[in-house]
Amino acid sequence: MMNNKINLTDISIRTELQPGDMGYVIYLHGQLYSREYNFGIQFEDYVAKGLIEFKGQYDPKRNRVWVCEHQRSSPAEITRMIGFLLLMDRDEAAQLRYFLIDPEYRGIGLGSHLMNLYMDFLRECGYKSSYLWTTSELHAAISLYKRFGFQLTEEKESTAFGKLVTEQRYDLTLS
């Protein structure tokens, strides 16, 4: 569970990918979603393919990553990635992908902070809409998306993550 001594101000967020980030994002997704939701190795494949697609079409004016890092206890200890979010350009729309927060860092407002950063960049780029895909099991994430105006628009059963899930699409239209 979350260390009560950690505050949002203890987390640094950068918006540029660095060597090792893509592999670590794949690793974190594989570990976390296997442990919390019993997703299989297929999920890592899904994440890897999406990150490669993102990197292949990356334009910093229309795409962004938010890499959350925390230096644990001493200056000598390595800074580690504890959260991630990606905005991917899909022409008129933006896709929200790979939103992840390490369980130890949940409950400090990091999810809402990242969503605010996402929404700010979405508007700054002039996007008219955004969408995301998730699964029906991710109740906390869905609640966060709904608070920011995303609405459920589609559902489908899938085994793409190594088990049967209900994938859900949420859409947001900006005025």
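Located above this text is the structure these notes cover.
Below or above, wherever it landed, is the structure these notes cover. (Residues numbered from 1 in each chain as written. Predicted model: local features only at pLDDT ≥ 70, side-chain atom pairs only at ≥ 80, totals over all residues. Heavy atoms only, no water.)

**A word on the packing of aromatic side chains**
Note on aromatic pairs: each is described by the distance of the centres and the angle between the planes.
Right, on to step 1. As enumerated under the stated definition, the model contains 16 aromatic pairs in all.
Right, on to step 2. For the pair W66 and F121, a centre-to-centre distance of 6.1 Å together with 80 degrees between the ring planes defines the contact as edge-to-face. Residue W66 is found in strand β2 (residues 64-71), and its partner F121 is found in helix α3 (residues 110-124); the two are separated by 55 residues along the sequence. F121 shares its class with W66; the two are buried.
Right, on to step 3. Aromatic ring contacts, followed pair by pair, group Y33, Y37, F39, F43, Y46, Y98 and F161 into a single cluster.
Right, on to step 4. Of note, K156 hangs over the ring of W133, and the distance from its end group to the ring centre comes to 4.6 Å.
Right, on to step 5. For the cation-ring pair, R169 lies above Y131, with the distance from its terminal atom to the ring centre recorded as 4.0 Å. (Phe/Tyr/Trp six-rings, centres within 6.5 Å; stacked < 30°, edge-to-face > 60°. Helix = DSSP H or I, 4+ residues; strand = E, 2+ residues; numbered from the N terminus. Buried < 20%, exposed > 50% of the residue type's maximum accessible area, 1.4 Å probe, protein only. Lys NZ or Arg CZ within 6 Å of the ring centre and 35° of its normal.)

**As for the nonpolar core**
Right, on to step 1. With 31 residues, the main nonpolar core has L96, F99, Y118, L122 and F150 as its most contacted residues.
Right, on to step 2. Elements with a minimum of two residues in this core: β2, β3 (79-90), β4 (93-101), α3, α4 (139-147) and β7 (165-173).
Right, on to step 3. No other element matches α3, which puts seven residues into this core.
Right, on to step 4. The contacts of L96, once residues within four sequence positions are left out, are L85, L86, M115, Y118, S130, Y131, L132, Y145 and F150.
Right, on to step 5. F39, F54, L100 and F161 belong to the second-largest nonpolar core, a separate cluster that totals 22 residues. (Core = buried A, V, L, I, M, F, W, Y, C linked by side-chain atoms within 4.5 Å. Contact = heavy atoms within 4.5 Å.)

**Focus on the environment of Q42**
Right, on to step 1. Relative to the elements of secondary structure, Q42 occurs in helix α2 (residues 41-56).
Right, on to step 2. Its relative accessible area of 38% is what places Q42 among the partly exposed residues.
Right, on to step 3. Considering only alpha carbons, one finds Q42 and M115, 73 residues apart in sequence, at a separation of 27 Å.
Right, on to step 4. Apart from residues lying up to four places away in sequence, Q42 is in contact with A160, F161 and G162.

**Considering the sheet that holds β4**
Right, on to step 1. An order of β1-β2-β3-β4-β5-β7-β6 is seen for the seven strands of this open sheet, with the pairing classed as mixed. Either end of the sheet is taken by a strand with one partner, and the two such strands are β1 (12-14) and β6 (151-158). With direction set aside, neighbouring strand axes in the sheet form an average angle of 20 degrees.
Right, on to step 2. Where β6 lies against β7, seven bridges are found, and the strand directions are antiparallel. When the sheet's bridge partners are listed, E155 is paired in β7 with Q168.
Right, on to step 3. Of the strands in this sheet, β1, β2, β3 and β4 touch helix α1 (residues 21-37), which is tilted by about 65 degrees from β4. (Pairing = 2+ DSSP bridges. Axes fitted to C-alpha atoms, helices over the stretch in contact; angles between N-to-C directions.)

**Structural notes on the pairing of β3**
Regular strands have side chains that alternate between both faces of the sheet.
Right, on to step 1. Among the 12 residues that make up β3, 10 are buried, leaving the element largely enclosed by the rest of the structure.
Right, on to step 2. Sheet topology places β2 next to β3; eight bridges connect them, and they run antiparallel. When the sheet's bridge partners are listed, C68 is paired in β3 with G83.
Right, on to step 3. Direction of pairing for β3 relative to β4: antiparallel, over a ladder of seven bridges. Its bridge partner being in β4, L87 is matched across the sheet by L96.
Right, on to step 4. Counting the residues between successive antiparallel strands, the hairpin from β3 to β4 contains two residues, one of them, D91, with a positive phi of roughly 65 degrees.

As far as function goes, none of this settles anything; it's purely spatial.
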